[in-house]
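# Topology and contacts: notes
Residue-level listing of the chains:
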Amino acid sequence: MREEEKKQPSQNFLKRRWAYPAIYLASAAIIITGILWYQAGNDVNEKAKDYSYDGVPTDNEFNQPAEEVNRSLENFVMPVSSPEDTVIEKQFYDTEASAEEQEAALVVYGNMYYPNQGVDISKDGKEFDVLAAMSGTVTKVQEDSLLGNTIEIEHSKGIVTRYQSVKDFEVAVGDVVEQGQAIAKAGKSLFNEEAGVHVHFEIRKADVAVNPMEYFNKSLATLQEAQLEDKKVSGEQPDAAAAEENAVEDQASENKATEDKATEDKATEEKDAAEENKSTEENKSTEEKQDQAKPKQESKDNADVKDEE
C-alpha cells in the first residue's frame, strides 16, 4: 500500500497533459545549449589562430616584429670571421682624436685628403668572406670602380651598415640577412690602394658616420640613443664620376707642368750652350789676338837685340 502511495506522484505527473511537452522542451533546450557551447568553443579556437586579430591578413604577420626583437638583442660585430686575425689598415677619422691620429686616418686620392668614414679591415693581404655585422635588410648593392663596390644593410629606421671595396656579391636588394651571413668577398679599391685586399666598413645613423670601434659588441639600442649632432665628419668620400673628372684634370695639370718644365729645361740648356759657345769664341778670339801679337813682339825683341850689338 505504501509502495503504491510512493509511485502515485510520479504517475500522476506523467498523466498530466503538459508533462511530455515540458520534458521534450527541456531536452531540446539542453541539446541546443550543448550545440551552441560547442560552436562557441570552435569560434574561440579559430580566433586564436587568426594572428591578425581583425580578420584581415597582413603582408608580414609576426615576422617583422620578431626580427625587430632579434635585432634589438644583437650586438654589432666585426664583419669578418676570426676578428683576432684581422688588421685595421686605417682607423676612423675621429674629430676628437689627436692631430697625429687624425692625420693617420686621412685617405689621399687625386691630390686630395679625405677623412676615413669607417675602418679598413684586412687579413694580411688575403681574400676573405665579408659577413653581415647585424641582421637586417639589404637596401643597396652597387658596383663602383672607385670605391670598390658597395653593399648597404638597414637594421632599423635610419641605421645602416655599409660595406665597400667588396666583390662577388652574394646578396641582392630586398634580401633579409642574418648576422654572420656571408654577403661578399673582400676586394681592392682605387680610392685606397694602400690598404690592398680589404673591406671598408661603416656604421651610420641618419647618414652620420660613427666610429665602428666604439659600437662593436654594443646593441642597436645604444646607437639609437646616441646623440650625434656634433659627431658629423666633414669631407665625404669622393663620387666616382667627380673623382674621375678631378683625376683627369689633375693628370692634365701634371702633364702641362711636365711640359712646361721640359720647355724651361730646354731653354736653359740652349742658353747655357749659347753662353758656352760665346765663351769659347771669345777665348778663341783672344788666343788668335795673342798669336798675332806674338810675332810682332818677337820682331821687336830681335830689333832691340841688334841695336844693342
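This one's a predicted model, so the numbers in the text were calculated from it and none came from an experiment. (Residues numbered from 1 in each chain as written. Predicted model: local features only at pLDDT ≥ 70, side-chain atom pairs only at ≥ 80, totals over all residues. Heavy atoms only, no water.)

## Describing empty space enclosed by the protein
Convention followed: Within this scheme a cavity is a closed region of a 1 Å grid, computed over the protein atoms alone, that accommodates a 1.4 Å probe without allowing it to escape, whereas a pocket is open but has protein on both sides within 12 Å along at least five of seven lines; lining residues each have an atom within 4 Å of a point. Grid points are joined across faces, edges and corners, and a volume is the space filled by probe spheres set on the points. Any residue outside Ala, Val, Leu, Ile, Met, Phe, Trp, Tyr, Cys, Pro, Asp, Glu, Lys and Arg is labelled polar, Gly included; the first ten of those are nonpolar and the last four are charged.
Evaluated as defined, the whole model comprises 2 cavities of 30 Å³ or more. Size it by volume and the largest cavity reaches roughly 70 Å³. Lining the largest cavity we find 12 residues, and of these Ser-189, Phe-191, Asn-192, His-198 and His-200 sit closest to its centre. Of the residues that constitute the lining of the largest cavity, the class distribution is 3 nonpolar, 8 polar and 1 charged.

## Topic: the environment of Ala-105
Filter applied, for reference: Only DSSP runs of H or I reaching four residues or more are called helices, and only runs of E reaching two or more are called strands; each is numbered from the N terminus. A 1.4 Å probe rolled over the protein chains alone gives each residue an accessible area, and that area as a share of the maximum for its type sets the label: buried under 20%, exposed over 50%, partly exposed in between. The contact criterion used is simple: two residues touch if any of their non-hydrogen atoms lie within 4.5 Å.
Mapped onto the secondary structure, Ala-105 falls in the loop between helix H4 (99-104) and strand S2 (106-109). Note on Ala-105: relative accessible area 1%, which makes it buried. Once the C-alpha coordinates of Ala-105 and Tyr-93 are considered, the two residues, 12 residues apart in sequence, prove to be 5.0 Å apart. Once residues within four sequence positions are removed from consideration, Ala-105 is found in contact with Lys-90, Gln-91, Phe-92, Tyr-93, Tyr-114, Pro-115 and Asn-116.

## Notes on the pattern of salt bridges
Inclusion rule: Salt bridge criterion: a side-chain nitrogen from Lys or Arg within 4 Å of a carboxyl oxygen from Asp or Glu.
One pass over the full model with this rule turns up 6 salt bridges. Among the salt bridges present, the one from Arg-162 reaches Glu-152, with a minimum N-O distance of 2.9 Å. Of this pair, Arg-162 sits in strand S8 (residues 159-164) while Glu-152 is found in strand S7 (residues 150-156), placing the two residues 10 residues apart along the sequence. Per residue, the accessibility class of Arg-162 equals that of Glu-152, and both read buried. Taken together, the salt bridges that share partners define one network made up of Glu-152, Arg-162, Glu-202, Arg-204 and Asp-207.

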